[in-house]
Amino acid sequence: MNWTGLINHFEEYLPVTSKTPRLTLHEGNTPLIHFPHLSEELGIELYGKVEGANPTGSFKDRGMVMAVAKAKEDGSSTVICASTGNTSAAAAAYAAKAGMNAIIVIPKGKVALGKLAQAIMLGAEIVEIDGNFDDALRIVKNVSEKLPITLVNSVNPYRLEGQKTAAFEIIEQLGGKAPDYLCIPVGNAGNISAYWKGFKEFNDAKQTGLPKMFGFEAEGAAAIVQDRIIAEPETVATAIRIGNPASWKLAVAARDESNGRIGSVSDDEILAAHKLLPAREGIFAEPGSCASIAGVIQQVKEGTIAKGSKVVAVLTGNGLKDPETAVNHLKVDPVSLPNDEKIISDYIEKAVTA
Ligand code: F0G
């Protein structure tokens, strides 16, 4: 298939007009991969929607292509966002492609290395603050109201419009029917809200069924689970280190309307899933992404996800986004040997026969 991006492919479901620029980095059309080993262990039919295969390595490209195209259509020359890293990479990339400027406001010391590298190379104006994502979002919201700058966080409705297309793709990839469960990490809660919108729209148009929406926050940032704002959110999964999700109400609606659940997973559960997924299934996803896999494992154990169910876990970002967590937290020490073929060969022989 000659894939030319989301705006072209899903035009009839998106708020595009003849004036909307056909902006694209060929985002979307990401793989839905069956995970046979984890499926067997868990007694379910498990798939991963690999959003790390998007151009900047996360699902944010789906929302950003729409938000930046609409900003361009409206005559804006600059976009701004707060970010834990992925939104800023996507904003910078689409702004570059559209010939616009991107200003990103990020929590100092809490953005994974790969994401920071992207923001730098993609030419964004980077502002680091001594505060967390929630502080940054409050500030950029206020700034964008005062200045002629377009806010492209997920409070911009075009973001959710773009992101809902992942639900369309999942239905198509499963042969025209929604899965039983959709498991997804929750940070600012835009993505779970976007997926639910997408599932409902396709169901209305084509009776494709509805999944139960299962969202997972990090335990140290579980505002929706605890039903209170977390002033100092903390988690190893910096992507979802958010204590006051902007789309809180929409996420709760997705949970309740779908008969789903929003739970939390601990950093230990996230790191275990972060290690298990690539080792068993060959897909390396960033820690925040793995909240979905950790959640699936937890909920199957608790019996909330029924055996035999068809489950899609959204893997929101590529593992290469956060090399430091992979190297630091998992304590994998590579074996160090001299440059001597015999010694290396003996070592490998022992390893394969062990
Ligand atoms: N997974 C990853 C890899 C993310 O980067 C994010 C959010 C989420 C999950 C949560 O999605 O916010 O829609 O509930 N990252 C934002 C950012 C906050 O700035 O990149 P959500």
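Since this is a predicted model, take the numbers as computed values, not measurements.

(A) Summary view of the packing of aromatic side chains. Following the criterion strictly, the structure yields 7 aromatic pairs and no others. An angle of 70 degrees between the planes, with centres 6.4 Å apart, marks the rings of Trp 3 and Phe 10 as edge-to-face. For the pair formed by Trp 3 and Phe 10, the shared burial category is buried. Aromatic side chains Tyr 195 and Phe 199 sit 6.3 Å apart centroid to centroid with 40 degrees between the ring planes, which places their arrangement in the tilted category. Highlighted residues: Tyr 195 and Phe 199, both in helix H9 (residues 190-206), separated by 4 residues, approximately one helical turn. By relative accessible area, Phe 199 is classed as buried at 0%.

(B) Highlighting the pattern of salt bridges. Inspection of the entire model under this criterion finds 18 salt bridges. A salt bridge links Lys 49 to Glu 169; the shortest N-O distance between them is 2.8 Å. Within this pair, whereas Lys 49 is found in strand S2 (residues 45-50), its partner Glu 169 is found in helix H8 (residues 165-173), the two being separated by 120 residues in sequence. Considered together, Lys 49 and Glu 169 belong to a single accessibility category, that of buried residues. Across the pair Lys 197 and Glu 201 runs a salt bridge whose closest N-O atoms are separated by 2.7 Å. Linking Lys 197 with Glu 201, this pair stays in helix H9, spanning 4 residues, or about one helical turn. In this structure Lys 197 comes out as partly exposed when scored by relative accessible area, which is 30%. A single salt-bridge network, built from bridges that share partners, covers Lys 49, Glu 51, Arg 62 and Glu 169.

(C) Highlighting helix H3 (residues 60-73). An ideal rise of 1.5 Å per residue puts 20 Å on 14 residues; H3 measures up with 20 Å between its terminal C-alpha atoms. Within H3, 12 of the 14 residues are buried, leaving the element largely enclosed by the surrounding structure. Those residues of H3 not exposed but buried are Lys 60, Asp 61, Arg 62, Gly 63, Met 64, Val 65, Met 66, Ala 67, Val 68, Ala 69, Lys 70 and Ala 71. Following H3 by one or two positions, Gly 75 adopts a phi angle in the positive range, close to 85 degrees.

(D) Focus on the layout of surface pockets. Within this model, the largest pocket holds a volume of roughly 220 Å³. Residue lining of the largest pocket: 13 residues in total, with Val 236, Thr 238, Asp 322, Glu 324 and Thr 325 positioned closest to the centre. The class makeup of the residues in the lining of the largest pocket is 3 nonpolar, 6 polar and 4 charged.

(E) Main features of the confidence of the model for the protein. The share of residues in the protein with pLDDT of 70 or more is 99%, and the mean pLDDT across the chain is 96. Reported for the predicted complex are a pTM of 0.95 and an ipTM of 0.99.

(F) Focus on empty space enclosed by the protein. The final tally for this structure, using the stated rule, is 1 cavity of 30 Å³ or more. Considered as a void within the structure, the largest cavity measures approximately 320 Å³ in volume. Within the residue set of the lining of the largest cavity, elements represented by two or more residues are helix H4 (86-98), helix H7 (157-163) and H9. The biggest single contributor to the lining of the largest cavity is H9, with 3 residues. Of the residues contributing to the lining of the largest cavity, the split by class is 10 nonpolar, 16 polar and 3 charged.

Cut-offs and rules
Residues numbered from 1 in each chain as written. Predicted model: local features only at pLDDT ≥ 70, side-chain atom pairs only at ≥ 80, totals over all residues. Heavy atoms only, no water. Phe/Tyr/Trp six-rings, centres within 6.5 Å; stacked < 30°, edge-to-face > 60°. Buried < 20%, exposed > 50% of the residue type's maximum accessible area, 1.4 Å probe, protein only. Helix = DSSP H or I, 4+ residues; strand = E, 2+ residues; numbered from the N terminus. Salt bridge = Lys/Arg side-chain N within 4 Å of Asp/Glu carboxyl O. Expected span 1.5 Å × (residues − 1). 1 Å grid on protein atoms, 1.4 Å probe; cavity = no way out; pocket = protein on both sides within 12 Å on 5 of 7 lines; lining within 4 Å. Points joined across faces, edges and corners; volume = space filled by probe spheres on them. Nonpolar A, V, L, I, M, F, W, Y, C, P; charged D, E, K, R; others polar. pLDDT = per-residue confidence, 0-100.

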